[in-house]
Amino acid sequence: MKNFKYATHPKIQNLRLPAIAVLFNAGKAGIFETSNLPDNSLLVGYLDDQPVITCQTEIPEWVESKDMRLWQPELEPPMLKAVNRARQLINWQENFQYCGRCGTKTELHASEPAFYCAKCGASFYPRLDPAVIVAVLKNDEILLAHNARFSNNIYGLIAGFIEGGETMEDAVRREVMEEVSIKVRNIRYFRSQNWPFPNAFMLGCIAEYESGDVTPDGVEIVDAGFFRRDNLPELPLPGSVARGIVNAWINGELKGNI
Ligand SMILES: [Zn+2]
């Protein structure tokens, strides 16, 4: 297995080719080796010594391309890191073409990994949005919820972004109360995962049910309940944060945390 090393600066210069290209187009990603770098490519990092570049552009027809979520369970961890980092850089490049303060066209800073406004001096670094995702446990059951945005019949975990001023624990308590109207206690950090849809940094947590009746908010969550291991609904895709935490619970790995 190769090692992935992050590039300290995304500027492309003096690369040893061929590079591994991660191209994005219309929500799909294609990965292949090439010596032709498209304009506006960014350097993602290195898989061993081979450069990985990324660009938002047409993907050649002969390259297999698919939705980013479908790549998640398929790629080895070093390649997955490279592809997820690439997705984040492309999102950053798209969103910070112009200065948010004065509207001037930005440029890649010469030394800092930032888009820079030469007029007012503002710098825009790649960003992550911290979010919590929580397994609420009650005896030998886990809380699973069907989100209105899910197109299929999947049941996942309660999740949401951390608001300004909140701790991780505050966000867990608030999200669970907002979405299913129950109180939780004994909140523990379990594991984290970068989730580039588009920039989420997921803090996986475990919490213990305290009180209240599970009542979906009817907006974000349309159905929810506690499920036993032998009576589980359809679960989120392998490779997702939610599926990893639910699998850990199925395997009995969460027991000691409560
Ligand atoms: Zn500016």
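This structure is a prediction, so every number in the text was calculated from the model and none was measured. (Residues numbered from 1 in each chain as written. Predicted model: local features only at pLDDT ≥ 70, side-chain atom pairs only at ≥ 80, totals over all residues.)

A word on helix 3 (residues 168–180)
Within an α-helix, residues lying three or four positions from one another point in the same direction, as the helix has 3.6 residues per turn. Here is the rule: In DSSP terms, a helix is any run of H or I states spanning at least four residues, a strand is any run of E spanning at least two, and both are numbered starting from the N terminus. By definition here, a helix of n residues has an expected span of 1.5 Å times n minus one. Exposure in this text rests on C-beta crowding, where 20 or more other C-beta atoms within 10 Å of a residue's own make it buried, 12 or fewer make it exposed, and counts in between make it partly exposed. The C-beta atoms are placed from the backbone. What the arc covers is the set of directions going from the helix axis to the C-beta atoms. Here, residues touch in the contact sense if the C-beta positions derived from the backbone fall within 7 Å of one another.
Given a rise of 1.5 Å per residue, 13 residues ought to cover 18 Å, and the 18 Å separating the end C-alpha atoms of helix 3 matches this to within 8%. Every buried residue belonging to helix 3 is among Ala171, Val172, Glu175, Val176, Glu179 and Val180, and all of these are buried. Down the axis of helix 3, the buried side of the element spans an arc of 120°, and every buried residue falls inside it. Looking at the buried side of helix 3, the elements it contacts are strand 10 (129–138), strand 11 (141–147), strand 12 (158–161), strand 13 (183–195), strand 14 (200–211) and strand 15 (221–227).

A word on the sheet that holds strand 2 (residues 19–25)
Consider a sheet: its strands pair through backbone hydrogen bonds, and that pairing is either parallel or antiparallel. We count it as follows: Criterion used throughout: strands pair if DSSP finds at least two bridges between them. To get an axis, a line is fitted to the C-alpha atoms, and for a helix only the part in contact is used. The angle between two axes follows their N-to-C directions and goes from 0 to 180 degrees.
Pairing within the open sheet is mixed, and its six strands lie in the order 1-4-5-2-3-6. Pairing within the sheet leaves two strands with one partner each, and these edge strands are strand 1 (4–6) and strand 6 (65–67). Ignoring strand direction, the axes of neighbouring strands in this sheet form an average angle of 30°. Across the face of the sheet, helix 2 (residues 77–95) comes into contact with strand 1, strand 2, strand 3 (28–34), strand 4 (42–47) and strand 5 (50–56) while running at roughly 170° to strand 4.

Some thoughts on the nonpolar core
What counts, and what does not: We call a set of buried Ala, Val, Leu, Ile, Met, Phe, Trp, Tyr and Cys residues a nonpolar core when their C-beta atoms link them within 7 Å.
Core analysis: the largest hydrophobic core is formed by 35 residues, its most contacted members being Ile133, Val134, Ala135, Val136, Leu157, Ile158 and Val172. Those residues in contact with valine 134, other than ones at most four positions away along the chain, are Leu157, Ile158, Val172, Val176, Cys205, Ile206 and Ala207. Of all hydrophobic cores here, the second largest spans 27 residues; its members include Ala21, Leu47, Trp71 and Phe96.

With respect to unusual backbone geometry
Negative phi characterises most residues that are not glycine, and trans characterises most peptide bonds. Backbone torsion omega between leucine 17 and proline 18 reads 5°, so that peptide bond is classified as cis. Among the secondary structure elements, proline 18 is positioned in the loop between strand 1 and strand 2. Residue proline 198 is bonded to the preceding phenylalanine 197 through a cis peptide linkage, with omega at 0°. Looking at the element boundaries, proline 198 is found in the loop between strand 13 and strand 14. In this structure, alanine 26 takes a positive phi of about 50° despite not being glycine. Its location among the elements puts alanine 26 in the loop between strand 2 and strand 3.

Remarks on the sheet that holds strand 8 (residues 115–116)
One open sheet holds the three strands; their spatial order is 7-8-9, and the pairing between them is antiparallel. Strand pairing shows two members of the sheet lacking a second neighbour, strand 7 (107–108) and strand 9 (123–124), which therefore form its edges. Note that strand 8 and strand 9 share two bridges and pair antiparallel. Across the sheet, residue tyrosine 116 finds its bridge partner in strand 9, namely serine 123.

Keep in mind that these numbers describe shape and distance, not what the molecule does.
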